[in-house]
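Listed here are the chains, written in short residue letters.
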Amino acid sequence: MSRKAFSRLVLGVTAVCVLAPAALLLVWSVTGRWPWPRLTPETYSLRTLRELLLGSGGFLPLLGSSIALAGATAALATAVALLTARATAFYSFPGRGLARFCGILPLLVPGTVLAMGLHLAFLRLGLADTVVGVLLVHLVSALPYCIAILTDVTAAVGLALEEQAAVLGAPPLTAFRGATLPRLAPGILSSMSMAFTISYSQYFSTLLIGGGRVRTLALVLVPYIQSGDRPLAAAYAAVFTGSALLVFALFEWAIRRMERRGAL
Amino acid sequence: MRKQRTAFFLLLPLLGVTALVLAACGFVLAQSLGHVPAFGLEELTFSYYLAIFRDGEFLRSLGVSLGIAAASALLAALLGTAVCAALTVGGRKGRGLTYVLRLPILVPHAVVALFTILLFSQTGLLARATFALGLIGDFTQFPQLLYTPGYQGAVAAYLWKEVPFVAYFTLALMSGVSDTLGEAAEDLGASPLRSFFSVTLPLSLPAVCRATLIIFIFAFGGYELPLLLGATVPKALPVEAYLAYMSPQLRDRPYAMAMYGVILALSVAMAALYAVLTRRLLRRMEGSGHE
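Since the model is a prediction, treat every value here as computed from it, not as a measurement.

Draft legend 1. Structural detail: the overall build of chain B. A count of helices and strands for chain B gives eleven helices and zero strands. Secondary structure elements of chain B occur, N-terminal to C-terminal, as α-α-α-α-α-α-α-α-α-α-α. Principal-axis analysis of the C-alpha atoms places the extent of chain B at approximately 75 × 75 × 35 Å. Long-range pairs, those at least 24 residues apart, make up 73% of the contacts in chain B between residues at least 6 apart in sequence.

Draft legend 2. Representation of the overall build of chain A. Per the secondary structure count, chain A includes eleven helices and two strands. Taken from N to C terminus, the helices and strands of chain A fall in the order α-β-β-α-α-α-α-α-α-α-α-α-α. Across its three principal directions, the C-alpha atoms of chain A cover 75 × 60 × 35 Å. Within the span of chain A, comprising 264 residues, buried residues form 43% of the whole. In chain A, of all internal contacts separated by at least 6 residues, the share reaching a separation of at least 24 is 71%.

Draft legend 3. View of unusual backbone geometry. The omega torsion of the bond from Trp-36 of chain A to Pro-37 of chain A falls at 0°, within 30 degrees of zero and hence cis. Its location among the elements puts Pro-37 of chain A in the loop between β1 (31-33) and β2 (43-44). In the segment running from Val-233 of chain B into Pro-234 of chain B, the intervening peptide bond is cis, with an omega of -10°. Look at Asp-129 of chain A: it is not a glycine, yet its phi comes out positive at around 60°. Looking at where Asp-129 of chain A falls in the secondary structure, it is placed in the loop between α5 (111-125) and α6 (131-157). Unusually for a residue other than glycine, Tyr-151 of chain B sits at a positive phi of about 55°. Structurally, the position occupied by Tyr-151 of chain B is in the loop between α6 (125-132) and α7 (152-187).

Draft legend 4. View of the packing of helix α1 (residues 3-29) of chain A against helix α5 (residues 109-120) of chain B. Across the interface, α1 of chain A lies against α5 of chain B with an axial gap of 10 Å and an inter-helix angle of 85°. Classified by the interaxial angle, the pair formed by α1 of chain A and α5 of chain B is roughly perpendicular. Facing Pro-21, Leu-24, Leu-25 and Trp-28 of chain A of α1 of chain A, the residues of α5 of chain B in contact are Leu-114, Phe-115, Leu-118 and Leu-119 of chain B. Classifying every residue of the contact of α1 of chain A with α5 of chain B by side-chain character gives eight nonpolar, no polar and no charged.

Draft legend 5. The nonpolar core, seen in detail. In terms of nonpolar packing, the biggest core is built from 164 residues, with Cys-146 of chain A together with Leu-114 and Met-259 of chain B touching the most fellow members. It is helix α3 (residues 56-90) of chain B that contributes the most residues to this core, 15 residues altogether. When we break this core down by domain, the ones giving at least three residues each are domain 1 (1-45) and domain 2 (52-263) of chain A. Beyond its immediate sequence surroundings of up to four residues, Met-259 of chain B is in contact with Ile-52, Phe-58, Leu-237, Glu-240, Ala-241 and Ala-244 of chain B.

Draft legend 6. The packing of α1 of chain A against α3 of chain B, seen in detail. Following both chains from N to C, one finds α1 of chain A and α3 of chain B inclined at 125°, their axes separated by 8 Å at the closest point. For the element pair α1 of chain A / α3 of chain B, the angle class is oblique. As for the relative orientation of α1 of chain A and α3 of chain B, their crossing is left-handed in sense. Where α1 of chain A approaches α3 of chain B, its residues Arg-3, Phe-6, Ser-7, Val-10, Leu-11 and Thr-14 of chain A are matched on the opposing element by Ala-82, Val-83, Ala-86, Leu-87, Val-89 and Gly-90 of chain B. Counted by class, the contact of α1 of chain A with α3 of chain B contains eight nonpolar, three polar and one charged residues.

Draft legend 7. A look at the domain arrangement of chain A. Residues and elements named next belong to chain A. Domain assignment breaks chain A into domain 1 (1-45) and domain 2 (52-263). Between domain 1 and domain 2, the C-alpha centre-to-centre distance is 31 Å. Taken together, the contacts link five residues of domain 1 with six residues of domain 2. Ranked by residue count, the leading element in the side of domain 1 that touches domain 2 is α1, at four residues. Classifying every residue of the side of domain 1 that touches domain 2 by side-chain character gives three nonpolar, two polar and no charged.

Draft legend 8. View of the interface of chain A and chain B. On the chain B side, the residues contacting the 66 residues of chain A number 64 residues. Counting residues per element, the side of chain A that touches chain B draws most heavily on α1 of chain A, which supplies 14 residues. For the side of chain A that touches chain B, a count of residues per class yields 51 nonpolar, eleven polar and four charged.

Draft legend 9. Just the confidence of the model for chain B, in detail. In the predicted model, chain B carries a mean pLDDT of 90, and the fraction of residues at 70 or more is 96%. The complex model carries a pTM of 0.92, and its ipTM stands at 0.91.

Draft legend 10. Expanded view of the environment of Gly-158 of chain A. Here Gly-158 of chain A is to be found in the loop between α6 and α7 (160-167). With 128 residues separating them in the primary sequence, Gly-158 of chain A and Val-30 of chain A have C-alpha atoms 51 Å apart.

Reading guide: rules and limits
Residues numbered from 1 in each chain as written. Chains lettered and ligands numbered in written order. Predicted model: local features only at pLDDT ≥ 70, side-chain atom pairs only at ≥ 80, totals over all residues. Helix = DSSP H or I, 4+ residues; strand = E, 2+ residues; numbered from the N terminus. Contact = placed C-beta atoms within 7 Å. Buried ≥ 20, exposed ≤ 12 C-beta atoms within 10 Å, placed from the backbone. Axes fitted to C-alpha atoms, helices over the stretch in contact; angles between N-to-C directions. Parallel < 35°, antiparallel > 145°, perpendicular 65-115°, else oblique. Nonpolar A, V, L, I, M, F, W, Y, C, P; charged D, E, K, R; others polar. Core = buried A, V, L, I, M, F, W, Y, C linked by C-beta atoms within 7 Å. Domains from an automatic or database assignment. Left-handed = near helix turned anticlockwise from the far one by under 90°. pLDDT = per-residue confidence, 0-100.

In structure tokens, the structure reads:
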């Protein structure tokens, strides 16, 4: 088998495996009845959409609070990661290796253990069952990925332009904002979209630390899957995933625009 | 020389996060050693660890979770590397597929569990297709893939998410190596296959191994997929631990924390093993370079 043929075969199979379940989900979300052993639904219905939008679940507020929480996580994690990346990329100090290790530390602690430990800590700190507590656990989970993305980008952009601006008399923050920030922007946006996705998908940590007071889409989706109402679970999952993809596409569009403008 | 004090201020938020992570681990470990002052337990003891390791149900749960993690990580590494190789060989044309590959990275685990149910359950699409082909006469004849002690469903769901993750994670390094050293090997007369297996693949291994470790730790401590797709007995360790945590018997708390302690200890041990192995591998590669 030739190289190109192998490549095409593998990529084709991959694309089908990735996309087929997503298509199946969309079909199920508008299914009325789909009895065994039919290969296609017997009837289609918009019942699920009606229940989502008009039902007692309060779907739209839930969507809003999930997006707000994920957006806050994205902004916070990216800001912390940006500061960390600058410190480890541009300064040499004793313990720089340790600082880098701290950046990946949350990856070495499994999510369930992290959530349980933080829950115990937050009980002491009065942060259990609060939005701030949930925000913090999402931040810790997202941070290592943001640091990895931004450390590479920060090192690649370098300091040369910023130092030139400083030599010409710009105060440090102005030099950073004018010379470095625009070129960091694509990295900042991809870090934000990564953190957004991670926060948006958290289930266990939100359940445990939110204590049922902080409700997100991920939290209510699981009982729907367990309930066995496949069309409704599928509709929930489709809207959940779709809204995440939409936000992601927005970030992507912004990155593209900035790259085009930067290239001019 | 830039000022060290500035670096310290820049690192303050990270130090805060690190303190939170260490405090989290500390609380879990302290309670697992029997220190829960709120419940009147003060004395430090290993007895809770000893007790769970004598408990058959815990040992089965541990086995299940190790199995899920190992199967997901190794299969994802193997298949993900193949996809990555196909992308590297495919050149620019295949790059449109990187968008498709990012989809599973974005889709939450609970949604992937639903995918798995819609496809692999006994009334799922695959069972219907098998029936349509006349291979089975009734849905009860379709093999049970979900809610089984083998956790095939959970592994399948992890693979859907993690094969693209490995490919995506490795792509930058592999295509970089392939465009430079891989090409050079071919210019010197190596066949494409030989160039891939003796140059491109070994040099891409660090990224593959790091991705494998991340997946192992993630799947070992993962909660949603084994909860939604797994058997009632034996449960995966994180599910079992949470159940023990929710127990109305407050004095059982240290047993639950000991289970979390085991999850933590084994994950850290895997990471340490990985660090030692990669360091040795690097040294050997450098050593053979001098010969």
